[in-house]
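Chain by chain, the residues run as shown.
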Amino acid sequence: MKCYEMPDTVTLKYDDGSKIVYTTKDRLDSGSYCYKPAGGQFPHFTVVDTNKGNADFKRFHITDAFGGKEVRAFYSGTEFENFASQTVRVPKLLADVWHKQAKWFWDAVHAAKA
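Anyway, here's the lowdown on the structure attached to this text.

### A closer look at the side chain of H61
Part 1 of the argument: Along the chain, H61 falls in strand β5 (residues 59–66).
Part 2 of the argument: For H61, the residues in contact, after removing those within four places along its chain, are H44, F45, T46, V48, R72, A73 and F74.

This is how it looks when you write it as structure tokens:
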């Protein structure tokens, strides 16, 4: 899917059955899109490397607050790439949660366009 084809709103379905709606207000011809949860700031998903919407949807990161800082976990599809913060040590349990959220975001974007 091309980035410009991405939906404005996606719904993540969590393991416990709850759902959270994430929305972007960014133009789909911009360099990145930030999907934020209704009524909140964290965690949020930022789609990067969009080539002004012309690239295939592939790279994104999750931004969350941890240890008094914003930490980013980068993904290519559902494959984890790295953490952006070298100053915060992320516990494995939290990293596992972010990896699940990355998959849920990826799946939600594709399900919304199916």
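Right, picking up where we left off after that structure.
### Quick look at the sheet that holds strand β2 (residues 19–23)
Part 1 of the argument: One open sheet accounts for seven strands, arranged β1-β2-β3-β4-β5-β6-β7; its pairing is antiparallel. Strands at the two margins of the open sheet, each flanked by one partner only, are β1 (9–13) and β7 (79–83). Across the sheet, the axes of successive neighbouring strands diverge by a mean angle of 25 degrees, strand direction being ignored.
Part 2 of the argument: Bridge analysis of strand β6 (residues 69–76) against β7 gives four bridges, and the strand direction is antiparallel. Considered in β7, the bridge of Y75 is made with F80.
Part 3 of the argument: Contacts from helix α1 (residues 92–112) reach β1, β3 (33–37), β4 (44–47), β5, β6 and β7, with the element oriented near 130 degrees to β1.

### Remarks on the pattern of salt bridges
When charged atoms on two side chains of opposite charge get close, those side chains can pair.
Part 1 of the argument: Within the structure shown, the criterion is met by seven salt bridges.
Part 2 of the argument: With a closest N to O distance of 3.2 Å, D56 and K2 form a salt bridge. Of this pair, D56 sits in the loop between β4 and β5 while K2 sits in the segment before β1, and the two are 54 residues apart along the sequence.
Part 3 of the argument: The exposure class assigned to D56 is partly exposed, which follows from its relative accessible area of 47%.
Part 4 of the argument: R59 is the partner of E81 in a salt bridge, and the nearest nitrogen-oxygen pair spans 2.7 Å.

### Structural notes on the nonpolar core
Part 1 of the argument: Counting residues in each nonpolar core, the largest one holds 26 residues, and the members touching the most others are L12, Y35, V47, F57, F60 and F105.
Part 2 of the argument: Elements with a minimum of two residues in this core: β1, β3, β4, β5, β6 and α1.
Part 3 of the argument: Considering every element that reaches this core, the biggest residue donor is α1, with eight residues.
Part 4 of the argument: With residues up to four places along the chain from it excluded, the contact list for L12 reads S18, K19, I20, Y22, F45, Q101, W104, F105 and A108.

### Quick look at the pairing of β4
Side-chain positions along a regular strand alternate between the two faces of the sheet.
Part 1 of the argument: Side-chain alternation along β4 places H44 and T46 on one buried face and F45 and V47 on a second face that is also buried.
Part 2 of the argument: Strand direction decides the pairing type here: β3 and β4, joined by three bridges, are antiparallel. Directly across from Y33, in β4, lies its bridge partner V47.
Part 3 of the argument: Counted between consecutive antiparallel strands, the loop separating β3 from β4 contains six residues, among which G39 sits at a positive phi close to 75 degrees.

Thresholds applied
- Residues numbered from 1 in each chain as written.
- Predicted model: local features only at pLDDT ≥ 70, side-chain atom pairs only at ≥ 80, totals over all residues.
- Heavy atoms only, no water.
- Helix = DSSP H or I, 4+ residues; strand = E, 2+ residues; numbered from the N terminus.
- Contact = heavy atoms within 4.5 Å.
- Pairing = 2+ DSSP bridges.
- Axes fitted to C-alpha atoms, helices over the stretch in contact; angles between N-to-C directions.
- Salt bridge = Lys/Arg side-chain N within 4 Å of Asp/Glu carboxyl O.
- Buried < 20%, exposed > 50% of the residue type's maximum accessible area, 1.4 Å probe, protein only.
- Core = buried A, V, L, I, M, F, W, Y, C linked by side-chain atoms within 4.5 Å.

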